[in-house]
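What follows is each chain in one-letter form.
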Amino acid sequence: MEKIKSLLLPLALVFAAIAVFEFGARYGATNMRAYAIASELQFPLSIYAQAEANMDNSSKENFAMIIDNGIAAGAMHRQIWYLDRDAQAALDSLLSYALKVRGDAVAERFASIEANEGVPALNEAKLTEIRDALAEAKSDLIDNAPKAAEQEEG
């Protein structure tokens, strides 16, 4: 028993170091993923916003699908509580623009997928979670966004 007692403190220190390293890696990866989602969404969104009127229907649908998936990923990712302020600001900025460009079509796309009869229960729960995250993002970034005059004052 004495040999085990002498090993407990070093073992506890090793596990504490692993926990600290794991938290740091998770925190850093989460923030980098927020930047990655924002940058991946930026290119197709700018093309879509500039050339939507000149696109044929299949190109418009393909770009809309890519953008909607990026918006859904960003809306889900912005709910992580330990997301850094700068990473969240970059993600929110691009999501705000994307939601303005796509409008209610994003929510309609995921609602139509959910209305499909062949969706398994697991995917149905995930679609509900995505739809809730989209509603929250739209509420925070579009409906309740501070006006430009309020931002300049603060």
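Note: the structure precedes this text.
So, how was this worked out
Residues numbered from 1 in each chain as written. Predicted model: local features only at pLDDT ≥ 70, side-chain atom pairs only at ≥ 80, totals over all residues. Heavy atoms only, no water. Core = buried A, V, L, I, M, F, W, Y, C linked by side-chain atoms within 4.5 Å. Buried < 20%, exposed > 50% of the residue type's maximum accessible area, 1.4 Å probe, protein only. Helix = DSSP H or I, 4+ residues; strand = E, 2+ residues; numbered from the N terminus. Contact = heavy atoms within 4.5 Å. Axes fitted to C-alpha atoms, helices over the stretch in contact; angles between N-to-C directions. Parallel < 35°, antiparallel > 145°, perpendicular 65-115°, else oblique. Left-handed = near helix turned anticlockwise from the far one by under 90°. Nonpolar A, V, L, I, M, F, W, Y, C, P; charged D, E, K, R; others polar. Patch = residues over 30% accessible without salt bridge, like charges linked within 9 Å, V, L, I, M, F, W, Y side chains within 5 Å. Areas by Shrake-Rupley, 256 points an atom, 1.4 Å probe, with all protein chains shown as cover. Salt bridge = Lys/Arg side-chain N within 4 Å of Asp/Glu carboxyl O. Phe/Tyr/Trp six-rings, centres within 6.5 Å; stacked < 30°, edge-to-face > 60°.

Asker: Provide a residue-level description of the nonpolar core, including the pertinent values.
Answerer: Ranked by size, the top nonpolar core spans 28 residues in total, and within it Leu 41, Ile 71, Leu 91, Phe 110 and Leu 134 carry the most contacts. For this core, the secondary structure elements donating two or more residues are helix H1 (2–51), helix H2 (57–77), helix H3 (85–102), helix H4 (105–115) and helix H5 (121–143). For Ile 71, the contacting residues outside a window of four places in its chain are Leu 41, Leu 95, Ala 98, Leu 99, Arg 102, Val 106 and Leu 134.

Asker: Give me the lowdown on the packing of H2 against H3, citing residues and values where you can.
Answerer: As a packed pair, H2 and H3 sit with axes 10 Å apart at the nearest point and diverge in direction by 140°. Classified by the angle between their axes, H2 and H3 sit oblique to one another. The handedness of the crossing between H2 and H3 comes out as left-handed. Where H2 approaches H3, its residues Ala 64, Ile 67, Asp 68, Ile 71, Gly 74, Ala 75 and His 77 are matched on the opposing element by Leu 91, Leu 95, Ala 98, Leu 99 and Arg 102. The residue inventory of the contact of H2 with H3, partitioned by class, reads eight nonpolar, two polar and two charged.

Asker: Requested: an account of a nonpolar patch on the surface, with residues and values cited.
Answerer: Residues Met 1, Ile 4, Leu 8, Leu 11, Val 14, Phe 15 and Ile 18 make up a contiguous nonpolar surface patch of about 740 Å² in total accessible area. Turning to its location among the elements, Phe 15 is positioned in helix H1. Overall, Phe 15 belongs to the exposed group, its relative accessible area being 52%.

Asker: Hey, could you go over the packing of aromatic side chains for me, with residue numbers and the actual values?
Answerer: Per the stated rule, a full pass over the model turns up three aromatic pairs. Ring centres 6.2 Å apart and planes at 25° place the aromatic pair Phe 23 and Tyr 27 in the stacked group. Remark: Tyr 27 and Phe 23 occur in helix H1; sequence separation between them is four residues, near one turn of the helix. Assessed through its relative accessible area of 44%, Phe 23 is described here as partly exposed. The exposure class of Tyr 27 is partly exposed, given its relative accessible area of 30%. On the numbers, 5.1 Å between centres and 85° between planes, the contact of Trp 81 with Tyr 82 is edge-to-face. Given the relative accessible area of 71%, Trp 81 is considered exposed. Linked through ring pairs, Phe 23, Tyr 27, Trp 81 and Tyr 82 together constitute an aromatic cluster.

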